[in-house]
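Fold and contact review
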Amino acid sequence: MTMTPAERAMKGRMGAYLSWANTENPSARTKPGRDAFLARFEHQVDPNGELPVEERKRRAEQLRKAHMQELAYRSAQKRRENRAAGKKPRRAA
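Note that the structure is predicted; figures quoted are calculated from it, not measured.

Thresholds applied
Residues numbered from 1 in each chain as written. Predicted model: local features only at pLDDT ≥ 70, side-chain atom pairs only at ≥ 80, totals over all residues. Heavy atoms only, no water. Salt bridge = Lys/Arg side-chain N within 4 Å of Asp/Glu carboxyl O. Helix = DSSP H or I, 4+ residues; strand = E, 2+ residues; numbered from the N terminus. Buried < 20%, exposed > 50% of the residue type's maximum accessible area, 1.4 Å probe, protein only.

All right, on to the pattern of salt bridges then. The final tally for this structure, using the stated rule, is eight salt bridges. A salt bridge links Asp35 to Lys31, with the shortest nitrogen-to-oxygen separation between them at 2.8 Å. One end of the pair is Asp35 and the other is Lys31, both in helix H2 (residues 26–45) and four residues apart, which spans about a single turn. A residue is classified by how much of its surface remains accessible, and Asp35, at 37% relative accessible area, is partly exposed. Residue classification places Lys31 among the partly exposed positions, given a relative accessible area of 42%. A salt bridge links Glu61 to Arg64, with the nearest nitrogen and oxygen atoms 2.7 Å apart. Taken as a pair, Glu61 and Arg64 lie in helix H3 (residues 53–84) at a separation of three residues, close to a single helical turn. For Glu61, a relative accessible area of 29% translates into the label partly exposed. One network of salt bridges, in which partners are shared, links Glu42, Asp46, Arg56 and Lys57.

In short, shape yes, function no, at least from these values alone.
In structure tokens:
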């Protein structure tokens, strides 16, 4: 039996909910992803690994904050454009 894209998405969400329900330590489960995300910024500010560790971490944190601020700015722009076009906001699932 072939599933529609909506049915596949629903099954995927069900699997994710079950997986998280059976996860004893969610923070430990997501740590590798968080570490990789932060390492990206460290590599951007010090690609050759020449800075002292504390300075590299300080700069990486500032770059991460700038990245998050950019995402928030772009999201606000898009919401403003959608309102101007008469589109209704989507509700979170």
